[in-house]
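Coordinate analysis (summary)
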Amino acid sequence: MTLTGRLTGSPELRFSPSGVAVAAFTVVTSRRVKDQNTGEWSDADTTYWDCKAFKQLAQNLVDSLEKGMEVIVVGRAVQESW
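Let me begin by describing the structure that accompanies this report.

What counts, and where the lines are drawn
Residues numbered from 1 in each chain as written. Predicted model: local features only at pLDDT ≥ 70, side-chain atom pairs only at ≥ 80, totals over all residues. Heavy atoms only, no water. Helix = DSSP H or I, 4+ residues; strand = E, 2+ residues; numbered from the N terminus. Rg over C-alpha atoms; globule rule 2.2 N^0.38 Å. Buried < 20%, exposed > 50% of the residue type's maximum accessible area, 1.4 Å probe, protein only. Contact = heavy atoms within 4.5 Å. Pairing = 2+ DSSP bridges. Salt bridge = Lys/Arg side-chain N within 4 Å of Asp/Glu carboxyl O.

Structural notes on the overall build of the protein chain
- Along the protein chain, the regular secondary structure elements total one helix and five strands.
- From first element to last, N terminus to C terminus, the protein chain shows the α and β order β-β-β-β-α-β.
- Relative to the globule expectation of 12 Å for 82 residues, the C-alpha radius of gyration of the protein chain, 16 Å, shows a markedly less compact shape.
- C-alpha extents for the protein chain along the principal axes are approximately 55 × 30 × 20 Å.
- Every one of the 82 residues in the protein chain was classed for burial, and the buried ones make up 22%.
- If you take every contact in the protein chain between residues at least 6 apart in sequence, the share linking residues at least 24 apart comes to 57%.

Here you go:
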């Protein structure tokens, strides 16, 4: 799955009990739609995606990304039930 969106906050770095770096961050995506009557564009179907990155990638994310930046995320989607 590939997402294009913006970071809702700066990535947070933590370490697993075994010492593996884990970065957690949230990406917000939305679809742009054009109103046929007014010709104006607006956002629709806004979705928030909780994401995680591991090891060296996690450390690179924390060092180079911050809230509001536009990002492209490639990975797999996992749905959790609460």
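Side note on the pairing of strand S1 (residues 2-7)
- Bridging between S1 and strand S5 (residues 70-74) involves five bridges; their strand directions are antiparallel. Bridging from a neighbouring strand, Arg6 pairs with Glu70 of S5.
- Alignment of S1 against strand S3 (residues 21-34), held across two bridges, turns out to be antiparallel. In the sheet register, Arg6 faces S3, and the bridge partner there is Val28.

Concerning the pattern of salt bridges
- For the structure on display, the rule yields four salt bridges.
- In this structure, the salt-bridge partner of Glu70 is Arg6, at a minimum N-O distance of 3.9 Å. Of the two residues, Glu70 sits in strand S5 while Arg6 sits in strand S1, which places them 64 residues apart along the sequence.
- When its relative accessible area of 54% is taken as the criterion, Glu70 is described as exposed.
- When the shortest N-O distance is used, the salt bridge between Arg31 and Asp45 registers 2.7 Å. Remark: Asp45 occurs in strand S4 (residues 41-54) and Arg31 occurs in strand S3; sequence separation between them is 14 residues.
- Exposure remark for Arg31: the relative accessible area of 45% places this residue in the partly exposed category.

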